[in-house]
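Okay, here's what each chain looks like letter by letter:
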Amino acid sequence: MEDTVQRNIRAKYIFKSVLFCVVFGGLLVIFSIAKGFIPNEFERLAYGIIGTLAAFLATVLFLKFDKQKFSDIGLIFERKTIIKFFVGVVIGVVIMGLLAISVINFTRLKIHINPHSNFLHFLLITFPLLPLAFMEELAFRAYLLQILKDKIGIRSSLIITSVLFALYHVVNGWTISSSFYGPAVWGLIYGLAAMYSKGIAMPTGIHYAANLTTSSLGEKNTTASIWRV
């Protein structure tokens, strides 16, 4: 009898997590209509802001249904929030640096400083990566991770949110293999950081740093990247 009750609880909250993603995705599609009125050069920034609003509204709706507050899922701003974010940035840069070193050592690829790049220009054009990272962490590592962790356990919640994160990228046009080899694996890292830090500031920092580091690597003729591959 107890096993049946536990299975029903797990099924209920897994369904609830999928429903949350559907609501978030639906709101994102609706809000994205506004992108048609925004110049192309601001498209990524607009998408990050619109996505953040969609994730925030979905979170508000589900918290109201659960009769919970933002503080119940660790979604509050405190003095250590900024510190946790920059700790996450350092962690993300270190992880990506180790990956880059591994690629260089085990392949014929080489990385050179791009003489045509400008660091301030690079930071400016990659600024949209920050709201984009925050949007995805708010959607997948705040309410979603917390309700699953409390009801079905840490390991299962990490796996489920990572799978949902990968499927979100599939819906956005990524291939299944790239979504599960990339975002799903990173989703486990972001989830562990959210568990450890009890919030999304640190995983947002890691996420932003990972995307920023990737953007800093470009091909021979680009002027936007810091390094050329």
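Fair warning: this is a prediction, and the values are worked out from it, not measured in the lab.

**Some words on the sheet that holds strand β3 (residues 227-228)**
And then number 1: In spatial order, the strands read β1-β3-β2; together these 3 strands make up an open sheet with mixed pairing. Each edge of the open sheet is held by one strand with a lone partner, namely β1 (112-113) and β2 (217-218).
And then number 2: As defined by bridge partners, β1 adjoins β3 across 2 bridges and the pair is classed as antiparallel. Across the sheet, the residue bridging to I113 is W227, located in β3.

**Examining the pattern of salt bridges**
And then number 1: This model, assessed by the stated rule, comprises 5 salt bridges.
And then number 2: A salt bridge links K16 to D66; the nearest nitrogen and oxygen atoms lie 2.5 Å apart. Here the residue K16 occupies a position in helix α1 (residues 2-31), and D66 occupies one in helix α2 (residues 43-66), the gap between them amounting to 50 residues.
And then number 3: Close ionic contact of K149 with D150 constitutes a salt bridge, the shortest N to O distance being 3.9 Å.
And then number 4: A residue is classified by how much of its surface remains accessible, and K149, at 26% relative accessible area, is partly exposed.
And then number 5: A relative accessible area of 53% places D150 in the exposed class.

Here is what the cut-offs are and how they apply
- Residues numbered from 1 in each chain as written.
- Predicted model: local features only at pLDDT ≥ 70, side-chain atom pairs only at ≥ 80, totals over all residues.
- Heavy atoms only, no water.
- Pairing = 2+ DSSP bridges.
- Helix = DSSP H or I, 4+ residues; strand = E, 2+ residues; numbered from the N terminus.
- Salt bridge = Lys/Arg side-chain N within 4 Å of Asp/Glu carboxyl O.
- Buried < 20%, exposed > 50% of the residue type's maximum accessible area, 1.4 Å probe, protein only.

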